[in-house]
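So you can see what is in the structure, the chains are spelled out below.
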Amino acid sequence: MARLTVNGVVREVDAEPDTPLLWVIREQIGLTGTKYGCGIAQCGACTVHIDGAAVRSCSMPLSAVEPGQKIVTIEGLAPGAAHPVQQAWAELDVPQCGFCQPGMIMASAALLAQTPHPSEEQIRQEITNICRCGTYNRVLAGIKLAAERGQSG
Amino acid sequence: MSVDQKAPRPSRRAMLAGAGLFTLGFHIPFKATAATLDGAPQAPEVNAWVVVKPDETVVIRIARSEMGQGTLTGLAQLVAEELGCDWARVTTEYPSPGQNLARKRVWGDYSTGGSRGVRDSHEYVRKGGAAARMMLVAAAAKGWGVPEAECRVERGVITHGPSGRSTTFGAVSAEAAKIAPPQDVALKDPKDWTIAGKPLKRLDTLPKLDGSQVYGLDLKLPGLLNAAIRDCPVTGGTVKSFDAAAVSAMPGVKRVIPVGDSAVAVVADTFWRAKTALDALAIVWDEGPNAAVSSETIAATLREGLDADQAFVGNKAGDVAGALKGAAKVVEAVYGVPFQNHATMEPMNATALWTPERCEVWTPTQNGEAALAATADAAGLPATSCEVYKIHLGGGFGRRGATHDWVRQAVLIAKEMPGTPVKLIWTREEDMTHGRYHPVTQCRMRAALDADGTLTGLHMRISGQSILAAIAPQRMVEGRDPVTFQGLNPGGPEAAIGYTIPNLLIDHAMRNPHILPGFWRGVNLNPNAIYLECFMDELAHATGQDPLAFRLKLMDKHPKHRAVLQAVAERIGWDSKPPEGVFRGICQTMGFGSYVAGAAEVSVSDQGEVKIHRIVAATDPGHAVNPQQIDAQVAGSFVYGLSAALYGACTVKDGRIEQTNFDSYPVMKMDAMPAVEAILMPSGGFWGGVGEPTIAVAAPAVLNAVFAATGKRVRHLPLRDTDLRRA
Ligand code: FES
Ligand code: FES
């Protein structure tokens, strides 16, 4: 049994140590907002925060999570989806199919936590998530809007 | 009058009680329906399209699938417009394909492809909304004992003019349900629209922001098991043997099951354990007759077709051979495009529950009725004993429409475990290597020009794959695949060529490799626009003419094509000098009933790196249902089209697709995304699609600009295969 702190709740999980954190979150813990898109750290659909930093959970084995590390998934980002990134997304209608968006939002939130006022170039370099519907320009606008509003959400 | 008056109208409650039985008490996992299953008193439907609850919530039923393109919102806008309800109270739900079958297709066609979500169904959904309004008004008027004509409707409130009395939709909806549907239903003039045609926000955004939107991948059912599958890597091959015993004791594994004669699945408690066991499973394949096929052998077959005597004619005028013979100048070039995978962000998946009496499937699909047919077929049961629940799609792009190969697999697996629901998820690798690919074609362009550089003749020979031959042979016309000629037709409302060329021959030598093709967003319009529009550019340069002016000379009889082309030229500033080091390309086409044009500004570094600075796209879709969504569709189209043009190619070696994931099949990311300016110029009078046509102008606009920048003509995609470094 491994012990994980996910969205502020301590969970005991029963999974092989080499199980990717993504599948532990989805299948053992039952939080399905974190998506599977590639399994090889290429697409970012599985992005979660570990101690505030964006991590592609499909490529992190359960055994690599250290005791006491705080994992946050899209479901736990902010109560009532009130994070400035989520609010900006709602205002600009960013999602199309939406499948990539939990990962986009988590990556964007982590970027802003680290760099509250990123330049456009920084955003383009840092957000490497794949969106096949092609929402990139609205994602870009959404991050700028969230940055303008500040991180105080 | 499209609302079927004779269809039996069971109450909503009766329908759902039935559904509840069939689902063995499972919770149907999408919000709108879940809300109606919670035991609260049900409002009867006013008609098949509209339910108004006592609290004034308006439920609009949508048959087409939402896959990100905004169809759900657009169709709801059309119904709401005619209904005259309060937009803030609108919610939507999908009626299931089984209900549609039981009610004699009262909701019409479920197919969502070919950019048809709105354009094929606008009339009957609007009539559905209008008929419901008339019934609500009739109910109110009857209650007051006044003529209906004295009542007016505004935002869900019905007012009797002379007396000033008013009531609400919610208050009279139960009575309205008893009123006979009207015979004559008049529709509003689009110029009076207040909801349709407006840039309203999407109805489906909020659950996509907090992880609560349920996709097929996320479905939960009591007792659910998970399956991973491996199909023979070579299409046409079969399973020879596999060693189930070696993996049966691995954690969580329940069963190892052959699926058809070409695949093996592992069923386990979790997907990860199923996949882990499948990876450990030794499968011996009989790779069959296609094991030696490669991209090179396919290309050779297609090259042979370029010169073949037999070809299907798609468009013909005058005498091309004569024109070529008498030409002052002949220009010739061969182009080609590779296979492309749809690579929807959510891999294929379906959950199936089979018993000897009944089979149910939960899946993201672009065509619920086709999914139901595939379910019934694989289940060995009549369609009336099956049901499909459409789950939200993580992208479609054509992959989830025409064939339901993954549904068939899921049902075959579930059939081995009666009474147990099993969710089949494809890994990205399975998805990448078992697609229904954008068809592979080559094209020889041969042009006759007179001494003034005017185009007098054109022979366009397409050689390659037919989509219809593989997946819908019943739609072929005397052996010919009309889809192959998308954007090149002599006329018609769908996909007509935009130039007048006195001597013209466009024909298709069909060559079908074993790699299965499918409808890929934009379909054959993509390669055809590349071939024609890049070659037009070649002709302009070969005769020392401006690419815009050269085209316009041929477009007098094609005012709508010309209008969008001129619009992008004006916006990009074609007549002015671009910024230092930046070069421009331009193009136009018509497809899916819409006229589109594109212009691009690019620069190419000495190292050959292409940077796209700016894209301008113009679309004339006739009527625009939601400008905001169209804007998003246009930007998204460019990402999809440019991903393919710049990087995408699925190549074949030893009979199988070589690319397995996004590391070997790269797609556009944010760093390469240009600014996109969309010009929407609806000219009225027709209904064109918006989800696809713009893709087709992405590649030629950029490739023409790359030529302007480098003098190198990219004729074979993807662009990354061409060395653009400065010599
Ligand atoms: S699923 Fe983890 S990066 Fe794609
Ligand atoms: S919104 Fe569909 S993949 Fe990004």
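Within any chain, residue numbers begin from 1 and follow the written order of that chain's sequence. Note on labels: chains are lettered from A, ligands numbered from 1, in written order. pLDDT decides what is reported in this predicted model: residues at 70 or higher carry local features, side-chain atom pairs at 80 or more are listed and counted, and totals for whole chains, interfaces and linings draw on all residues regardless. Neither water nor hydrogens contribute to the side-chain values; these are computed over all heavy atoms in the structure.

### Points about the packing of aromatic side chains
Each pair of aromatic rings taken from Phe, Tyr and Trp, with Trp reduced to its six-membered ring, is defined by centres within 6.5 Å and is described as stacked if the planes are under 30 degrees apart, edge-to-face if over 60, and tilted in the remaining cases. For the structure on display, the rule yields 11 aromatic pairs over all chains. With a centroid separation of 5.1 Å and 90° between ring planes, the pair formed by Phe99(A) and Tyr215(B) is classed as edge-to-face. Here Phe99(A) is found in the loop between α2 (84-92) and α3 (101-114), whereas its partner Tyr215(B) is found in the loop between α6 (169-176) and β8 (225-231) on a different chain. There is no split in this pair, since Phe99(A) and Tyr215(B) are both buried. Ring geometry for Phe397(B) and Tyr640(B): centres 4.5 Å apart, planes at 35°, overall tilted. With Phe397(B) in the loop between β17 (386-390) and α12 (405-415) and Tyr640(B) in helix α18 (residues 627-646), the pair connects residues that are 243 residues apart, well separated along the chain. Judged by relative accessible area, which is 9%, Phe397(B) ranks as buried. The cut-offs for exposure are 20% and 50% of the maximum accessible area for each residue type, with area from a 1.4 Å probe on protein chains only; residues under the lower value are buried, those over the upper are exposed, and the others partly exposed. Tyr640(B) gets classed as buried once you look at its relative accessible area, which sits at 0%. Ring-pair connections join several aromatic residues into one group, and the members of that group are Trp23(A), Tyr36(A) and Phe271(B). Counting from the N terminus, the helices are the DSSP runs of H or I reaching at least four residues and the strands are the DSSP runs of E reaching at least two.

### Let's talk about the pairing of strand β3 (residues 47-50) of chain A
Strand residues, when the strand is regular, have side chains that alternate between the two faces of the sheet. Residues and elements named next belong to chain A. Burial along β3 is two-sided: Thr47 and His49 and Val48 and Ile50, pointing in opposite directions, are all buried. Bridging between β3 and strand β4 (residues 53-56) involves four bridges; their strand directions are antiparallel. For histidine 49, the partnering residue across the bridge sits in β4 and is alanine 54. At least two DSSP bridges between two strands are required for those strands to pair. Two successive antiparallel strands, β3 and β4, enclose a turn made up of two residues, where aspartate 51 displays a positive phi of approximately 50°. When β3 meets strand β5 (residues 70-72), the two strands line up antiparallel, connected through two bridges. Counterpart to isoleucine 50 in the pairing with β5 is isoleucine 71.

### Considerations on the sheet that holds strand β20 (residues 455-464) of chain B
Residue and element names in this part refer to chain B. With respect to topology, five strands assemble into an open sheet ordered β13-β21-β20-β19-β14, the strand pairing being mixed. Strands at the two margins of the open sheet, each flanked by one partner only, are β13 (312-317) and β14 (329-337). Across the sheet, the mean angle separating the axes of adjacent strands is 10° when strand polarity is ignored. With nine bridges connecting them, β14 and strand β19 (residues 441-449) associate as antiparallel partners. Residue pairing in the sheet places tyrosine 335 in a bridge with cysteine 443 of β19. Contacts are residue-level and defined by heavy atoms, with any inter-residue pair within 4.5 Å sufficient. In this description, a line fitted to the C-alpha atoms serves as the axis of each element, helices being fitted only across the stretch in contact, and the angle between N-to-C directions of two axes falls anywhere from 0 to 180 degrees. Across the sheet, helix α9 (residues 295-306) lies against β14, β19, β20 and β21 (503-510), angled at about 30° from β19, the strand it touches most.

### Observations concerning helix α5 (residues 122-144) of chain B
Every α-helix winds through 3.6 residues per turn, so residues three or four apart in the chain are directed the same way. Its 23 residues place the ends of α5(B) 33 Å apart at the C-alpha level, agreeing with the 33 Å of an ideal helix rising 1.5 Å per residue. Within two residues after α5(B), Gly145(B) carries a phi angle of roughly 65°, on the positive side. What a helix should span is 1.5 Å times the count of its residues minus one.

### Topic: the confidence of the model for chain B
Residues and elements named next belong to chain B. Scored from 0 to 100, pLDDT records how confident the predictor is in each individual residue. In this model, chain B carries an average pLDDT of 89, and 92% of its residues clear a pLDDT of 70 or more. Overall, residues 1-41 carries pLDDT values under 50, and its contacts beyond four positions in sequence, including any with other chains, amount to 68 contacts. Interface scoring of the predicted complex returns ipTM 0.97; its pTM is 0.89.

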